[in-house]
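Examining the three-dimensional arrangement
Take a look at the letters that make up each chain.
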Amino acid sequence: MTILDRFEVAFAACPLVAILRGLTPDEAPGIGDALVEAGFTLIEVPLNSPDPLTSIARLAERFAGRALVGAGTVLTPAQVTEVAAVGGTLIVSPNTDAAVIRATVDAGLVSLPGYQTPSEAFAALAAGATALKLFPADIATPAALKAHRAVLPSGARVLAVGGVTSDSVAVWRAAGAVGFGLGSNLYRPGKPAADVARDAAAFIAATGGSA
């Protein structure tokens, strides 16, 4: 099974990406356990976290076969290579950069670039993006996503990322989001694993656990 095949299985099981900005390598096992035991199958460690590649390596090894792990805030093709070298399979960016997307595709990894406008969305899809990340979603609004969905290809998947809460999931889904990236409403540095598990369960319940 290819990495992209594994992504399809993981996304179907739970269309939620845990964004662990600020995670340290020492925290990684406990926070990862809380998320995976709750049902999360997609985990992102942004590259502006402390020693992110070590955290990604530890999580990828710990949850091999149970969850896909990768990096967020990936801004260059060189960073794609670095993430792949430690076992990361998700490449998430805040922006649309065709070079980063193409490098991700060439490496056989999952590409989730950020976009705000239809022009950026179409550029990302043309470069080979696996799915699109509407970011920051709290600025774009569900109404904007609904307008984007009217012109995007029917098979294009959009995840809402930024400011999403368990209470707002239904509104975003009605507008056309098929998945979500969850940051500070799920995890922030120093948050106890038990609290992460509680909030993870609330998001799982809000989405029904599948797309």
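Note that the structure is predicted; figures quoted are calculated from it, not measured. (Residues numbered from 1 in each chain as written. Predicted model: local features only at pLDDT ≥ 70, side-chain atom pairs only at ≥ 80, totals over all residues. Heavy atoms only, no water.)

1. Quick look at the overall build of the protein
- Scanning the protein from N- to C-terminus turns up nine helices and nine strands.
- The C-alpha radius of gyration computed for the protein amounts to 15 Å, which stays within 12% of the reference 17 Å derived for 211 residues, consistent with globular compactness.
- Based on the C-alpha atoms only, the size of the protein along its principal axes is roughly 45 × 35 × 30 Å.
- The buried share among the 211 residues of the protein stands at 49%.
- Across the protein, the fraction of contacts at a sequence separation of at least 24, relative to all contacts at a separation of at least 6, is 62%.
- As displayed, the protein offers around 8400 Å² of accessible surface, 57% of which is attributable to carbon and sulfur atoms. (Helix = DSSP H or I, 4+ residues; strand = E, 2+ residues; numbered from the N terminus. Rg over C-alpha atoms; globule rule 2.2 N^0.38 Å. Buried < 20%, exposed > 50% of the residue type's maximum accessible area, 1.4 Å probe, protein only. Contact = heavy atoms within 4.5 Å. Areas by Shrake-Rupley, 256 points an atom, 1.4 Å probe, with all protein chains shown as cover.)

2. Things to note about the environment of T2
- When you line up the elements, T2 lands in the segment before helix 1 (3-13).
- Expressed as a C-alpha distance, the spacing of T2 and G108, which sit 106 residues apart in the sequence, is 8.0 Å.
- A polar contact of 3.0 Å, which involves the side chain of T2, links it to the backbone nitrogen of D5. (Polar contact = N/O pair within 3.5 Å; in protein donor to acceptor, adjacent residues only side chain to side chain.)

3. Description of the layout of surface pockets
- What the largest pocket holds in volume is close to 200 Å³.
- For the lining of the largest pocket, the per-class residue count stands at six nonpolar, six polar and three charged.
- For the second largest pocket, the calculated volume is near 150 Å³.
- Looking at which element gives the most residues to the lining of the second largest pocket, the answer is helix 1, with four residues. (1 Å grid on protein atoms, 1.4 Å probe; cavity = no way out; pocket = protein on both sides within 12 Å on 5 of 7 lines; lining within 4 Å. Points joined across faces, edges and corners; volume = space filled by probe spheres on them. Nonpolar A, V, L, I, M, F, W, Y, C, P; charged D, E, K, R; others polar.)

4. Some remarks on the nonpolar core
- Of all hydrophobic cores here, the largest spans 55 residues; its most connected members are L35, F40, W172, F180 and L186.
- No other element matches helix 2 (residues 28-38), which puts five residues into this core.
- Non-local contacts of F40, meaning those with residues more than four positions away in its chain, are made with C14, L16, V17, A18, L35, A67, L182, L186, A200 and I204.
- Within the second largest apolar cluster, 14 residues are counted, among which are F7, V17, L42 and V161. (Core = buried A, V, L, I, M, F, W, Y, C linked by side-chain atoms within 4.5 Å.)

5. Some details on helix 1
- Within the sequence span of helix 1, burial applies to F7, A10 and F11. End-on, the buried residues of helix 1 take up no more than an arc of 95°, which puts them together on one face.
- Buried residues along helix 1 sit in contact with strand 2 (42-46), strand 3 (68-72), strand 4 (90-92), strand 5 (110-112), strand 8 (158-161) and strand 9 (179-182). (Arc of directions from axis to C-beta.)

6. Some thoughts on empty space enclosed by the protein
- All chains considered together, the criterion is met by one cavity of 30 Å³ or more.
- Roughly 50 Å³ of volume is contained in the largest cavity.
- Lining the largest cavity we find V17, I19, E44, V92, L112, K133, L159, V161 and G181.
- Within the lining of the largest cavity, the residues separate by chemical class into six nonpolar, one polar and two charged.

7. Concerning helix 5 (residues 98-106)
- Along helix 5, the residues that are buried comprise V100, I101 and T104. In a view along the axis of helix 5, the buried residues occupy a sector of 100°, so they form one face of it.
- Where helix 5 is buried, its residues touch helix 4 (77-85), strand 4, strand 5 and helix 6 (118-127).
- The opening residue of helix 5, the one whose side-chain oxygen lies 2.9 Å from the backbone nitrogen of A99, is D97.
- Just downstream of helix 5 lies G108, where phi reads positive at about 75°.

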